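Now for the letters of each chain:
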Amino acid sequence: MANHVEIERKYDVDGAIAIEDLAGPDVTVGEPHTWRLVADYVDTPDLALARHGVTLRRREGGQDAGWHLKLPLIKSGRREVHAPLGAGVPAGLAGLVAAFVRGRELVPVVTLETDRTARTLHDRDGVALAEVSDDVVEGRRLTGGRDRRSLSWHEIEVELLDGSADVLDTLERKLRQAGAVTSTSPSKLARVLGDELAPESGHGGRGAGASLMAYVEQQRGQVLAYDPLVQLADHDDDTVHKMRVAVRRIRSVLRTHARLLDGERVAALETELKWLAGELGTVRDLEVLTARFDRRLTERGMESRAGRKSLDRLAAKEREARRALKHTLRGPRYFAVLAALDDFIAAPPFRGRAHRKATRVLPGLLAGSWRKVRSRYDRAERLPEGAERDQMLHSTRKAAKRARYTAEAATDILGKPARKIAKQAEKLQEALGRRQDALVAQDWLIRLGTRPGLPAEDAFTLGLLLDAERQEAAETHRGLTPVLDKATKLMRTIENPG
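What you are looking at is a predicted structure, and each value in this text was computed from that prediction instead of being measured.

**Observations concerning the environment of Pro-452**
- Within the element layout of this structure, Pro-452 appears in the loop between helix H13 (416-449) and helix H14 (456-475).
- Overall, Pro-452 belongs to the exposed group, its relative accessible area being 79%.
- A C-alpha to C-alpha distance of 50 Å links Pro-452 and Gly-77, two positions 375 residues apart in sequence.

Here is the structure:
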């Protein structure tokens, strides 16, 4: 399956707009190409894909006829995955949306018929900057909608090709001057579905429990958004890390907010979230190690393959772990975790204090999480160099993560002080993380270096890497105390706002 990142903007127009007017001293407009596009969008009957910004369609006509899956990216644009035309949803695409569908039937929900006139804009060197499509669209809701009338409209779609983001800004100014208006719908599908995609009433109010559930729901959305991107990744593109962080955030706030929740239900969910974090962690740990060792060799001018057989074994383990993770993300236990998380959010097991004002409850929870950070760090500082001190510093790092996520979850309520504490906790976490990564790397290098029959050139390479990791572990400990002291002072402003 081919895939690429799609960055586009849409504009509503009333009447004709001359695409030729988008030309300029450095931009030429190519010849028009006209197509009749007919697209059937499929989804679950309750629109599980569309509600998460995902579209899956079968389109005939145009240059890219076939099945198209569009996945929203976290920052901007969408990842578009293509598969050949066929009667049913291709298995590869179905697997990528399995977390949203979870065994339910995929049915046609909308048909779009588009008369498109497209032109490509080029710069002086002939580079294709963007494609501008003038679309006259008719959309029909096929099943389940409250309003099944046909809907017609006229829009301009500008898709970035090999140009920079500035190209889109320039074209937008010209289109606005010609009377175009930025579309209020993120996609053609969303326009047809209309208020069927209106967000369901969430956890409103200013109670401590509502604040917690809003954060958990946000992180659940991150897990789902990264799921198909993780399946598509064949290298470290940060998606595994981001998905794992979202799972960890949920686990952390469930722990720090334990007094607000029924312990039995939290324990059952936390067990399954821990399993999922572990599945993601297997890949992530190998990603970190392979990238780390490659970087160190590059820094030393040792990019050649000499002495790298042991590291190639590590890269092979990473590829194997990716395949296993992809299987996990299409399996019943993972779907059960998502279902349990959905149920938890829909009917939170609140205790009485969860209904108290968040401004009264959250400062104490945040202060408690930070006291654990401070206590563990102080205990580590009193220990001599060695395994016990390393373990306590690692425990400090985990506590800093929980404090960070607790502060993040409280920022809507506690504002700037909570954001500052989250930032300081992140600094501490990252510094201790670099130290822990160096220690883990040393363990791996020692294991690789003690294999029977290790070639001499491999032993030399591994020895250089081991020395570098020992140096980094020693250096990362500097400067931690000021970070802790600053966060402790900030914590006092939250506990004693007067």
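Moving on from the coordinates now.
**Here we look at the pattern of salt bridges**
- In total, this model carries 50 salt bridges according to the counting rule given.
- Where Arg-119 meets Glu-20, a salt bridge forms, and the shortest distance between an N and an O atom there is 3.0 Å. A residue pair is termed long-range when its members are at least 10 positions apart, and Arg-119 in strand E8 (residues 107-122) and Glu-20 in the loop between strand E2 (8-12) and strand E3 (28-29) qualify at 99 residues.
- Using a relative accessible area of 43% as the deciding quantity, one classes Glu-20 as partly exposed.
- With its nearest N and O atoms 3.6 Å apart, the salt bridge here joins Glu-113 to Arg-140. Of this pair, Glu-113 sits in strand E8 while Arg-140 sits in strand E9 (residues 128-141); the two residues are 27 residues apart in sequence, bridging distant segments of the chain.
- When its relative accessible area of 19% is taken as the criterion, Glu-113 is described as buried.
- Assessed through its relative accessible area of 27%, Arg-140 is described here as partly exposed.
- Put simply, Glu-6, Glu-8, Lys-10, Lys-70, Arg-78, Glu-80, Arg-116, Asp-135, Glu-155, Glu-157 and Lys-188 are held in one network by salt bridges that share partners.

**Let's talk about the environment of Trp-370**
- In this structure, Trp-370 sits in helix H11 (residues 358-381).
- Overall, the relative accessible area of 2% leaves Trp-370 in the buried class.
- Note: C-alpha distance between Trp-370 and Thr-488 (118 residues apart in sequence) is 7.6 Å.
- When residues no more than four places from it in sequence are discounted, the contact partners of Trp-370 are Ala-403, Ala-425, Leu-428, Leu-484, Ala-487, Thr-488 and Met-491.

**Some remarks on the pairing of strand E5 (residues 55-60)**
- With 4 bridges joining them, strand E4 (residues 33-43) and E5 adopt antiparallel strand pairing. Residue pairing across strands places Ala-39 opposite Arg-59, the latter belonging to E5.
- Across 5 bridges, E5 lies against strand E6 (residues 66-72) in antiparallel orientation. Bridge pairing in E6 links Leu-56 to Leu-69.
- Counted between consecutive antiparallel strands, the loop separating E5 from E6 contains 5 residues, among which Gly-61 sits at a positive phi close to 100 degrees.

**Considerations on the packing of aromatic side chains**
- A complete count under the given rule lists 1 aromatic pair for this structure.
- Each ring, one from Tyr-334 and one from Phe-335, has its centre 6.0 Å from the other, and the planes form 45 degrees; the classification is tilted. Phe-335 shares its class with Tyr-334; the two are buried.

**Describing a positive patch on the surface**
- Together, Arg-259, Arg-351, Arg-353, Arg-356 and Lys-372 make up a region of like positive charge exposed at the surface.
- Residue position: Lys-372 is located in helix H11.

**A few points about the pairing of E9**
- With 10 of 14 residues buried, E9 is to be regarded as a mostly interior element.
- Taken together, E8 and the strand that follows it, E9, pair antiparallel across an intervening segment of 5 residues, in which Gly-126 is found at a positive phi of about 85 degrees.

**Remarks on the nonpolar core**
- In this structure, Leu-69, Tyr-334, Trp-370 and Leu-428 are the most contacted members of the largest nonpolar core, which totals 104 residues.
- For this core, the leading source of residues is helix H8 (residues 263-299), giving 12 residues.
- Not counting residues up to four positions away in its chain, the partners in contact with Leu-428 are Trp-370, Val-373, Ala-400, Leu-480, Val-483 and Leu-484.
- Counting 17 residues, the second-largest nonpolar core is a separate cluster that includes Ile-19, Leu-121, Ile-156 and Leu-171.

**Some details on H8**
- At Gly-281, H8 shows its maximal kink, close to 30 degrees.
- At the C-terminal side of H8, Gly-301 shows a positive phi close to 65 degrees.

**Focus on the packing of H11 against helix H12 (residues 387-414)**
- Where H11 contacts H12, the axes come no closer than 8 Å and their chain directions differ by 165 degrees. Of the possible angle classes, the one that applies to H11 and H12 is roughly antiparallel. Judged by the sense of rotation from one axis to the other, the crossing of H11 with H12 is left-handed.
- Tallied by class, residues from the contact of H11 with H12 come to 18 nonpolar, 5 polar and 6 charged.

Conventions adopted
Residues numbered from 1 in each chain as written. Predicted model: local features only at pLDDT ≥ 70, side-chain atom pairs only at ≥ 80, totals over all residues. Heavy atoms only, no water. Helix = DSSP H or I, 4+ residues; strand = E, 2+ residues; numbered from the N terminus. Buried < 20%, exposed > 50% of the residue type's maximum accessible area, 1.4 Å probe, protein only. Salt bridge = Lys/Arg side-chain N within 4 Å of Asp/Glu carboxyl O. Contact = heavy atoms within 4.5 Å. Pairing = 2+ DSSP bridges. Phe/Tyr/Trp six-rings, centres within 6.5 Å; stacked < 30°, edge-to-face > 60°. Patch = residues over 30% accessible without salt bridge, like charges linked within 9 Å, V, L, I, M, F, W, Y side chains within 5 Å. Areas by Shrake-Rupley, 256 points an atom, 1.4 Å probe, with all protein chains shown as cover. Lys, Arg positive; Asp, Glu negative; His and termini not counted. Charge placed at Lys NZ, Arg CZ, Asp CG, Glu CD. Core = buried A, V, L, I, M, F, W, Y, C linked by side-chain atoms within 4.5 Å. Bend = angle between axes of the 7 residues up to and from the residue. Axes fitted to C-alpha atoms, helices over the stretch in contact; angles between N-to-C directions. Parallel < 35°, antiparallel > 145°, perpendicular 65-115°, else oblique. Left-handed = near helix turned anticlockwise from the far one by under 90°. Nonpolar A, V, L, I, M, F, W, Y, C, P; charged D, E, K, R; others polar.

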